[in-house]
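# An overview of the molecular structure
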Amino acid sequence: MNYFSSDFKLGILGGGQLGKMMLYETRKWDVFTKVLDASADAPSRMSCNEFVQGSLLDFDTVYNFGKDVDILTIEIENVNLDALEKLEDEGVKVYPQPKALRIIQNKAKQKLFYVDNNIPTADFQRFAYLSEIEDSVGNGGLKFPFVWKVAQFGYDGQGVKVVRSLADLEGLPTGECIAETMVPFKNELAVIVSRNAEGEIKTYPVVEMEFHPEANQVEYVICPARIDDKVADKARALALKVADKIGLTGLLAVEMFQTEDDEILVNEVAPRPHNSGHYSIEASYTNQFEQHIRSILGLPLGNTDSKVAGVMVNLVGAEGHTGNVFYKNINEILAMEGVTPHIYGKAQTRPFRKMGHVTIVNSDLNKARAIAEKVKETIQVISK
């Protein structure tokens, strides 16, 4: 099929920053794109050929949107899967496949999938209601501390909380959830796996993630991870196993824990371009967004090696600031060596909202990490 400068139409469910960065690549290749998002101000609206405003969770909206495209993909997994399955039955190519999204969309199903496929992961218990956790604590079945995760529609640090006492459960959603044993780990790692429609598969280098202790969001992504080669090989092999068992076409970001004794446990996965791969826009031969487009179109996969060491810093809304966004001191970071800001196009900031990211590249990883810290200390995402 001719995808370039033709009447081929690629549909994208979700118009956030991941969609916007995907559209960098479709514009580069002149692939016609149609985007669906609930917000009239979605970051992707400025870059796609056709924009439709509507709910990603409404069956009719997603079904009618998808009928008009040749291939349908996502930039967020919280979408109406019944509509995707119907479209797939009617011949629309949907990547990643709905059957893979069924496993991934629900954290409890995802964890059970790991157990069924002998994929190492932290021990957990599944609860239909939050109140059952209190009962389990009361009868000694569950011990503090543990990690509470909402089963459905959690993302990006939302729907995750470390629970050290019953008081920590107050105010949490009351529905299905899991309680996960706290893993004593020394590193949080991630590997992005790409798999195209022809079955070709590649992994990106292992990255190391440093998290914000309160917001549970990634502050820094460091590539390559500062770990032993044997540990890196083990992480890439495990990511490949997860991708093989799930069997999706597109990208799969596999987040992992490196334990104190260098075992690797899968934390969770995302079936799309991911925060842990943003460094690749500046640092890799083929960035993750181009690789996603290559994957779903069945094109040869690109080289996943890094050209240079890369560190990514998330730009999130400063605490105490809500309203029209202002990027304070952006000129100062632009003057630094190897620094590239990406602004997502969200006009309104609020505390911890992801507003952009900054990539720092350098031939010396330690220098890149030091500059990244300086970037983080310098730029502020505030309201005017």
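Quick caveat: nothing in here was measured; it's all calculated off a predicted structure.

So, on to the side chain of Ser383. Examined against the element boundaries, Ser383 turns out to sit in strand E21 (residues 380-383). When near neighbours in sequence (up to four residues on either side) are disregarded, Ser383 contacts His321, Thr322, Gly323, Asn324 and Thr349.

Here we take up the sheet that holds strand E17 (residues 323-328). The strand order across the open sheet formed by three strands is E19-E17-E21, and the pairing between neighbours is antiparallel. Two strands lie at the open edges of the sheet, namely strand E19 (348-349) and E21, each paired on one side alone.

Here the second largest pocket defines a volume of roughly 300 Å³. Lining the second largest pocket are 18 residues, with Asn314, Val316, Gly317, Ala318 and Lys376 sitting closest to its centre. Elements with a minimum of two residues in the lining of the second largest pocket: strand E13 (218-223), strand E16 (309-316), helix H11 (365-378) and E21. For the lining of the second largest pocket, the element with the highest residue contribution is E16, accounting for four residues. When its residues are assigned to classes, the lining of the second largest pocket shows ten nonpolar, five polar and three charged.

Moving on, we come to the packing of aromatic side chains. By the definition in use, this model includes seven aromatic pairs. With a centroid separation of 6.1 Å and 65° between ring planes, the pair formed by Phe113 and Tyr114 is classed as edge-to-face. Residue classification places Phe113 among the buried positions, given a relative accessible area of 11%. Taking relative accessible area as the criterion, Tyr114 reaches 0% and is therefore assigned buried. Chaining the aromatic ring pairs together yields one cluster made of Tyr3, Phe4, Phe8 and Trp29. Here Lys34 stacks its cationic end above the ring of Phe65, 4.8 Å away from the centre of that ring. In this arrangement the basic side chain of Arg369 is found over the ring face of Tyr220, its NZ or CZ atom lying 4.0 Å from the centre.

A separate point is the UniProt feature "binding site: ATP" (unreviewed entry) in the chain. Feature annotation in UniProt places "binding site: ATP" (unreviewed entry) on Lys107, Lys149, Glu180, Thr181, Met182, Val183, Glu188, Asn267 and Glu268, given in this structure's numbering. As for its position among the elements, Glu188 is in strand E10 (residues 185-195). Owing to a relative accessible area of 13%, Glu188 belongs among the buried residues under this scheme. Setting aside residues no more than four positions away along its own chain, Glu188 makes contact with Val207, Glu208, Met209, Phe211, Met256, Phe257 and Asn267. Examined against the element boundaries, Asn267 turns out to sit in strand E15 (residues 264-270). Among the residues examined, Asn267 registers a relative accessible area of 9% and is labelled buried.

Direction vectors running N to C along helix H3 (residues 81-89) and helix H4 (residues 98-105) enclose 165°, while the axes themselves pass 9 Å from each other. With respect to their mutual orientation, H3 and H4 come out roughly antiparallel. The handedness of the crossing between H3 and H4 comes out as left-handed. On H4, the residues that touch Leu81, Asp82, Leu84, Glu85 and Glu88 of H3 are Pro98, Leu101, Arg102 and Gln105. Classifying every residue of the contact of H3 with H4 by side-chain character gives four nonpolar, one polar and four charged.

What follows deals with the domain arrangement of the chain. Here the domain parsing of the chain yields domain 1 (9-95), domain 2 (123-181) and domain 3 (185-383). One C-alpha centre belongs to domain 2, the other to domain 3, and the line joining them spans 27 Å.

Okay, H3 next. Those residues of H3 that sit buried are Leu81, Ala83, Leu84 and Leu87. The buried residues of H3 occupy an angular sector of 155° when the element is viewed end-on, so they sit on one face. Elements that come into contact with the buried residues of H3 comprise strand E1 (9-13), helix H2 (59-66), strand E4 (71-74), strand E5 (93-94) and H4. Near the N-terminus of H3, the side chain that reaches the backbone nitrogen of Asp82, with its oxygen 3.1 Å away, is that of Asn80. The positive-phi residue at the C-terminal boundary of H3 is Gly91, with phi of around 105°.

If you trace the four strands from one edge of the open sheet to the other, you get E6-E9-E7-E8, paired in antiparallel fashion. Whereas interior strands pair on both sides, the edge strands pair on one side only; in this sheet they are strand E6 (124-127) and strand E8 (160-163). With strand direction ignored, the average angle separating the axes of adjacent strands in the sheet is 20°. Bridging between strand E7 (residues 146-150) and strand E9 (residues 177-181) involves five bridges; their strand directions are antiparallel. Bridged to Lys149 within E9 is Ile178.

Rules used in this analysis
- Sequence order sets the numbering: in each chain, residues are counted from 1 along the sequence as written.
- Only residues with pLDDT of at least 70 get local features here, since the model is predicted, and only at 80 or more are side-chain atom pairs given and counted; chain-wide, interface and lining totals rely on the full set of residues.
- With hydrogens and water stripped out, all remaining heavy atoms of the structure feed into the side-chain values.
- What counts as a helix is a DSSP run of H or I of at least four residues, what counts as a strand is a run of E of at least two, and both are numbered from the N terminus.
- Throughout, a contact is declared for two residues whenever any of their heavy atoms are within 4.5 Å.
- At least two DSSP bridges between two strands are needed for those strands to be called paired.
- Of the grid points, spaced at 1 Å and generated over the protein atoms alone, those admitting a 1.4 Å probe that cannot get out make up cavities, while open sets with protein on both sides within 12 Å along at least five of seven lines make up pockets; any residue with an atom within 4 Å of a point is treated as lining.
- Grid points are joined across faces, edges and corners, and a volume is the space filled by probe spheres set on the points.
- Gly counts as polar in this scheme, as do all residues outside two lists: the nonpolar Ala, Val, Leu, Ile, Met, Phe, Trp, Tyr, Cys and Pro, and the charged Asp, Glu, Lys and Arg.
- For Phe, Tyr and Trp, where Trp contributes only its six-membered ring, two rings pair if their centres lie within 6.5 Å, and the inter-plane angle classes them as stacked under 30 degrees, edge-to-face over 60, or tilted in between.
- Type-normalised accessible area, obtained with a 1.4 Å probe on protein chains alone, sets the label of each residue: buried when under 20%, exposed when over 50%, and partly exposed for intermediate values.
- Note on criteria: charge over ring means Lys NZ or Arg CZ within 6 Å of the ring centre, with the direction from the centre no more than 35 degrees off the ring normal.
- UniProt positions are given in the numbering used here, feature names are shortened, and annotations may be inferred rather than shown by experiment.
- Axes, fitted as lines to C-alpha atoms, cover a helix only where it is in contact. Angles between the N-to-C directions of the axes lie from 0 to 180 degrees.
- Just so you know how the angles are binned, under 35 degrees is roughly parallel, over 145 roughly antiparallel, 65 to 115 roughly perpendicular, and the rest oblique.
- In this scheme, a crossing is called left-handed if the near helix is turned counterclockwise away from the far one by less than a right angle; it is called right-handed if the turn is clockwise.
- Delimitation of the domains relies on an automatic or database domain assignment.
- Arc definition: directions from the helix axis to the C-beta atoms.
- Polar contacts here mean pairs of N or O atoms no more than 3.5 Å apart (in protein, one a potential hydrogen donor and the other a potential acceptor; neighbouring residues in sequence count only if both atoms are side-chain atoms).

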